[in-house]
Amino acid sequence: MCRSIKTLFNFEPPATEEEIRAASLQFVRKLSGFNSPSRANQAAFERAVDEVAASARTLVASLVTNAEPRNREEEAARARARSAERFGGAH
């Protein structure tokens, strides 16, 4: 899985529209191989991002869990610690 696509389910507060859109954009970039599509592919690229975001919203809203919601700050701290361990503190 692309490391820049983050888990969006079971956070308090819930994932924002911006987070869903950013994850969808990263997913479409990964699938298409385009960081920035050409003009000829722009409409298809944007449509795909919109469709993935809609599906992601539906998925996240439909999932259920008995687990306690995750804390964004704690998850961010864990990610920084993993990055420091992996890259020697450079990130």
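Before reading on, note that the structure itself is shown above.
In this text the structure is predicted, and so the values were computed from the model without any measurement.

Cut-offs and rules
Residues numbered from 1 in each chain as written. Predicted model: local features only at pLDDT ≥ 70, side-chain atom pairs only at ≥ 80, totals over all residues. Heavy atoms only, no water. Helix = DSSP H or I, 4+ residues; strand = E, 2+ residues; numbered from the N terminus. Expected span 1.5 Å × (residues − 1). Buried < 20%, exposed > 50% of the residue type's maximum accessible area, 1.4 Å probe, protein only. Contact = heavy atoms within 4.5 Å. Phe/Tyr/Trp six-rings, centres within 6.5 Å; stacked < 30°, edge-to-face > 60°. Lys NZ or Arg CZ within 6 Å of the ring centre and 35° of its normal. Core = buried A, V, L, I, M, F, W, Y, C linked by side-chain atoms within 4.5 Å.

Trainee: Which parts of the structure should I look at to understand helix α2 (residues 39–62)?
Mentor: Residue pairs three or four apart in sequence face the same way in an α-helix, which turns once every 3.6 residues. For α2, built from 24 residues, the straight-helix expectation of 34 Å at 1.5 Å per residue is met to within 8% by its first-to-last C-alpha distance of 35 Å. Among all positions of α2, only F45, V49, A53 and A56 are buried. Packed against the buried residues of α2 are α1 (17–32).

Trainee: I tried to follow the packing of aromatic side chains on my own but got confused; where do I start?
Mentor: If you walk through the whole model with that rule in mind, you get zero aromatic pairs. The ring of F11 is capped by R70, whose NZ or CZ atom sits 4.9 Å from the centre of that ring.

Trainee: Which parts of the structure should I look at to understand the nonpolar core?
Mentor: Considering soluble globular proteins, one finds that nonpolar side chains tend to be buried as a cluster. If you look at the biggest cluster of nonpolar residues, it comprises seven residues: I5, L8, A15, I20, A23, A53 and A56. Going through the elements one at a time, α1 and α2 are the ones with two or more residues in this core. Look past the residues within four positions of I20 in its chain and what remains in contact with it is L8, A15, A53, A56 and R57.

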